[in-house]
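# Inside the fold
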Amino acid sequence: MAASIQDRFKENTEQTVIDTSKKVRVGIIGTGWIAEAHLASYRNQPDVEIVAGADLVEGKAEAFFKQFDMEGVKCYRSHAEMLDDASLNLDAVSICTYNRTHAECAIYALKKGINVLLEKPMCVTLEEAVEICKAEKESGKVLSIGFQPRLDENMKMIKKIVESGRLGKIYYIQTGGGRRRGIPTPYGTTFIEDKTAGIGALGDIGCYSLDMVLNAIGYPKPLTVSGYKSAFFGTRPDYYPTHPEYAEKFEVDDFAAAFIRLEGDIILDFRIAWAMNLDTPGDTIILGTEGGLRIPSTECWNGSVGGEMTLYQEICGEQTQTKIPVIGDGTDFNKLFDRKIRSFLDAVKNHTPAPVPSSQIIYNQAIIDGIFKSAEAGREIEITIPEF
Ligand SMILES: NC(=O)c1ccc[n+]([C@@H]2O[C@H](COP(=O)([O-])OP(=O)(O)OC[C@H]3O[C@@H](n4cnc5c(N)ncnc54)[C@H](O)[C@@H]3O)[C@@H](O)[C@H]2O)c1
């Protein structure tokens, strides 16, 4: 009761007038699992017409739209076939393919002058990320990367706390998370085979932890990384009681850790797990000269906060702890997805910068790439991002 009275005084920041006079013509590339969330959110927008879909698997795109009674949507057998059809007059595409084809689909769409919402992780390698950024620059179109946790009020609070100066100079960050058992194979093996995923837990959920803290501190440039990766669980046939054959197909990491030096003399200590003999590898902590912030990890790491945060400060000589309650519906996946789609559409329509720009996410990708390469080399490496 008390909460609802309080709510009456709150400003509704999500109430905006949407111009529906011209519909944004959207195509969906890759009609697998996450494409459903894209479709649902686009359908919640009054100014969108979904006109096309593509999937490499014969009949998959057709079946996808049929289950939502959308038989009128034109279906294609590849991103190129769809993007080559000029009669579609596409304004934007969502790229919902597995990681390995992110780069080729994004580059192809941008070269055709089409705005792109690209699922996370941006791609597999740093080299691919650079090519995507080049294509974006040449096209002048919007490219946004699909990090919906960015639109969570709790995530925004982390950034606000950092920007308020309450933590002082930040010098050390620990981040990451994971699951005790949670290799994502319920819909098949596209997350665990090299030819489709390219990277495992590191790219799938590691990118979220990195974005949580790097976005909060303004995405400083990564300088060096000493990385480790392993695959002790995914390669065990007994891990998959109903599909022991998946063990043979497992070619990516199910655990990764790294020690990363960032510009500004900041240390980033990172670990991520799809599977481990532990509930969590630890909370996210941000240490500064004036304060510290603890962000509880979740059981199933997906880029959201796991509970109330704690701000540690010394006030007038006393050591204090301030609890920051979880804010609103910020962790509701569907609502975050709606906001991700809306913010992308607004950028496309208003010719404003991408809500999650590649200029930041290239550093996220550079760290992932650096961890992978350092782990392969067995030593610390320098991160060099080519000019583009
Ligand atoms: N933002 C989120 O919360 C979230 C959640 C899950 C997955 N994802 C990301 O979304 C991506 C897809 O995940 P998923 O679970 O939907 O995978 P999925 O394997 O279920 O679906 C991918 C589909 O893309 C198709 N495809 C691949 N290359 C193609 C191409 N060139 N043209 C047309 N179709 C192509 C495949 O045939 C497949 O059907 C991954 O990169 C994943 O990391 C994001």
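Residues numbered from 1 in each chain as written. Predicted model: local features only at pLDDT ≥ 70, side-chain atom pairs only at ≥ 80, totals over all residues.

## Observations regarding the overall build of the chain
A tally of helices and strands in the chain yields 12 helices and 15 strands. Against the 2.2 N^0.38 benchmark of 21 Å for 388 residues, the chain shows a C-alpha radius of gyration of 21 Å, consistent with a compact globule. For the chain, the spread of C-alpha atoms along the principal axes amounts to about 70 × 55 × 45 Å. A burial count over the chain gives 47% of its 388 residues as buried. A separation threshold of at least 6 residues defines the contact pool for the chain, and within that pool the share at least 24 residues apart is 72%. (Helix = DSSP H or I, 4+ residues; strand = E, 2+ residues; numbered from the N terminus. Rg over C-alpha atoms; globule rule 2.2 N^0.38 Å. Buried ≥ 20, exposed ≤ 12 C-beta atoms within 10 Å, placed from the backbone. Contact = placed C-beta atoms within 7 Å.)

## Re the pairing of strand 8 (residues 222–230)
Here 8 bridges tie strand 8 to strand 9 (residues 255–262), and the two strands are oriented antiparallel to one another. Looking across to strand 9, one finds that P222 is bridged to L262. Note: strand 8 against strand 15 (residues 381–382), 2 bridges, orientation antiparallel. Paired with V225 across the bridge in strand 15 is I381. (Pairing = 2+ DSSP bridges.)

## A look at helix 2 (residues 33–43)
It helps to recall that an α-helix has 3.6 residues per turn; residues three or four apart then point in one direction. Among the residues making up helix 2, those that are buried are A35, A37, H38, L39, S41 and Y42. In this structure, the buried side of helix 2 is in contact with strand 1 (24–29), strand 2 (48–54), helix 3 (60–66), strand 4 (92–95) and helix 11 (333–350).

## Some points on the site of the ligand
By nearness alone, 27 residues border the ligand, and G30, G32, W33, T97 and T190 come closest of all. Top element by residues in the shell around the ligand is helix 2. It accounts for 3 residues. Along the lines of polarity and charge, the residues of the shell around the ligand split into 11 nonpolar, 11 polar and 5 charged. Three or more residues apiece are contributed to the shell around the ligand by two domains, here domain 1 (24–148 + 336–363) and domain 2 (165–330 + 368–382). (Near = placed C-beta within 6 Å. Nonpolar A, V, L, I, M, F, W, Y, C, P; charged D, E, K, R; others polar. Domains from an automatic or database assignment.)

## What to know about the sheet that holds strand 3 (residues 74–76)
Here 6 strands make up an open sheet; going across it, the order is 3-2-1-4-5-6 and the pairing parallel. Each edge of the sheet is formed by a strand with only one pairing partner; in this case those strands are strand 3 and strand 6 (143–145). Across the sheet, the axes of successive neighbouring strands diverge by a mean angle of 20°, strand direction being ignored. Bridge count between strand 1 and strand 4: 4 bridges; the pairing is parallel. (Axes fitted to C-alpha atoms, helices over the stretch in contact; angles between N-to-C directions.)

## Some words on the environment of V93
Checked against the element boundaries, V93 lands in strand 4. When the C-alpha atoms of V93 and L143 are compared, they prove to be 9.9 Å apart, with 50 residues separating the residues in sequence.

## Quick word on the domain arrangement of the chain
Looking at the chain, the domain boundaries give domain 1 (24–148 + 336–363) and domain 2 (165–330 + 368–382). Residue composition of the side of domain 1 that touches domain 2, grouped by class: 7 nonpolar, 4 polar and 2 charged.

## Thoughts on the nonpolar core
The biggest cluster of nonpolar side chains holds 116 residues, and the ones touching the most others in it are V93, I95, A106, A109, V116, I132 and I371. Considering each element in turn, this core owes the most residues, 9 residues, to helix 12 (residues 358–377). For this core, the two domains that each supply at least three residues are domain 1 (24–148 + 336–363) and domain 2 (165–330 + 368–382). When near neighbours in sequence (up to four residues on either side) are disregarded, V93 contacts V26, G27, I29, A109, I114 and V116. (Core = buried A, V, L, I, M, F, W, Y, C linked by C-beta atoms within 7 Å.)

## Quick word on the environment of L336
As for its placement among the helices and strands, L336 is situated in helix 11. Separated by 14 residues in sequence, L336 and T322 place their C-alpha atoms 26 Å apart. Once residues lying within four places of it in the same chain are set aside, the contact partners of L336 are Q148, P149, L151 and D152.

## Quick word on the pairing of strand 2
When you tally the buried positions in strand 2, you get 6 out of 7 residues, the bulk of the element. In this fold, the crossover linking strand 1 to strand 2 by way of helix 2 has right-handed handedness. Summarising the sheet, strand 2 and strand 3 pair through 3 bridges and their orientation is parallel. Across the sheet, the residue bridging to A52 is K74, located in strand 3. (Right-handed = clockwise from strand over helix to strand, strands pointing away.)

## Some points on the sheet that holds strand 15
One open sheet accounts for 9 strands, arranged 14-13-12-11-7-10-9-8-15; its pairing is mixed. One side of each edge strand has no neighbouring strand; the edge strands of this open sheet are strand 14 (318–324) and strand 15. Along the sheet, helix 12 makes contact with strand 8, strand 9 and strand 15, crossing strand 8 at roughly 55°.

## Side note on the packing of helix 9 (residues 206–216) against helix 12
Helices that pack against each other are described as a pair by the angle of their axes relative to one another and the distance between those axes. Two elements in contact, helix 9 and helix 12, have axes whose closest approach is 10 Å; the angle formed by their N-to-C orientations is 130°. On the basis of their axis angle, the class for helix 9 and helix 12 is oblique. In this structure, the crossing between helix 9 and helix 12 has a hand that is right-handed. Residue-level contacts link G206, C207, L210, D211, L214 and N215 of helix 9 to Q360, Y363, N364, I367 and I368 of helix 12. Tallied by class, residues from the contact of helix 9 with helix 12 come to 6 nonpolar, 4 polar and 1 charged. (Parallel < 35°, antiparallel > 145°, perpendicular 65-115°, else oblique. Left-handed = near helix turned anticlockwise from the far one by under 90°.)

## Quick word on the packing of helix 7 (residues 153–164) against helix 9
It is at 8 Å that the axes of helix 7 and helix 9 come closest, and there the two elements cross at 35°. Viewed along their axes, helix 7 and helix 9 form a crossing whose handedness is right-handed. Counting all contacts with helix 7, which are made through M155, I158, K159 and V162, the residues of helix 9 involved are M212, N215 and A216. Of the residues contributing to the contact of helix 7 with helix 9, the split by class is 5 nonpolar, 1 polar and 1 charged.

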